[in-house]
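Okay, here's what each chain looks like letter by letter:
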Amino acid sequence: MSDTCTHSHLIRDITPDSADTCPECVALGDEWVHLRVCLTCGHVGCCDQSKSRHARRHYHKANHPIIQSYELGEDWRYCFIDDAMLEPGKPLRRE
């Protein structure tokens, strides 16, 4: 965990915009590795290990720096700006 992130005020009570896919990858016919969700607006995008890196692209486009894993049972959070892990949140997907 990090106390070096000053962007936690941007975290909102969000509703992910997808149940279990990266909508941008689906539209392109691409596959993804892992899913991430923006904690400011609920955008679901693919991780940096995926071909298109939609979660990071969303950060650069919308300037929403904090994501949470959108993998089943995971709860970690990360700030792109500070390259820092944050306190975990509640898991956003369950089996």
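From a predicted model like this one, the values you see are computed outputs, not experimental measurements. Residue positions are given per chain, counted from 1 along the sequence in the order it is written. Reporting in this predicted model follows two pLDDT cut-offs: at least 70 for local features of residues, and 80 or more for side-chain atom pairs to be given and counted; totals over whole chains, interfaces and linings ignore these cut-offs and use all residues. As a convention, hydrogens and water are excluded, and side-chain values are obtained from all of the structure's heavy atoms.

Q: If you had to explain the packing of aromatic side chains to someone new, which residues and values would you point to?
A: By convention, a stacked pair of Phe, Tyr or Trp rings (six-membered ring in the case of Trp) has centres within 6.5 Å and planes under 30 degrees apart, an edge-to-face pair has planes over 60 apart, and any other such pair is tilted. Under the criterion given, the structure shown has 2 aromatic pairs. Between Tyr59 and Phe80, the aromatic rings sit 4.9 Å apart at their centres with planes inclined by 15°, giving stacked as the arrangement. Of this pair, Tyr59 sits in helix α2 (residues 54-62) while Phe80 sits in the loop between β4 (77-79) and β5 (84-86), placing them 21 residues apart in sequence. Exposure remark for Tyr59: the relative accessible area of 13% places this residue in the buried category. A ring pair is formed by Tyr78 and Phe80, whose centres lie 5.5 Å apart and whose planes are at 90°; its orientation type is edge-to-face. Relative accessible area serves as the criterion here: at 9%, Phe80 is assigned to the buried category. Each member of the aromatic cluster is reached from another via a ring pair, and the members are Tyr59, Tyr78 and Phe80. Sitting over the ring of Tyr70, Arg93 keeps its end group 5.4 Å from the ring centre. Comment: elements are numbered from the N terminus, with helices defined as DSSP H or I runs of at least four residues and strands as E runs of at least two. Burial classes follow relative accessibility: with a 1.4 Å probe on protein chains only, a residue under 20% of its type's maximum area counts as buried, one over 50% as exposed, and anything between as partly exposed. Throughout this description, the term charge over a ring refers to an Arg CZ or Lys NZ atom that lies within 6 Å of the ring centre and within 35 degrees of the ring normal.

Q: Outline the nonpolar core, listing residues and values.
A: Grouped together as the largest cluster of nonpolar side chains are 13 residues, with contacts concentrated most on Val37 and Ile66. Put simply, the parts of the chain that give this core at least two residues each are β1 (35-38) and β2 (44-46). Contacts between residues were defined by any pair of non-hydrogen atoms, one from each residue, lying within 4.5 Å. If sequence neighbours within four positions are ignored, Ile66 has contacts with Cys5, His7, Ser8, Ile11, Val37, Cys38, Leu39, Tyr78, Cys79 and Leu86. As used in this record, nonpolar core signifies buried Ala, Val, Leu, Ile, Met, Phe, Trp, Tyr and Cys residues forming a set joined through side-chain atoms within 4.5 Å.

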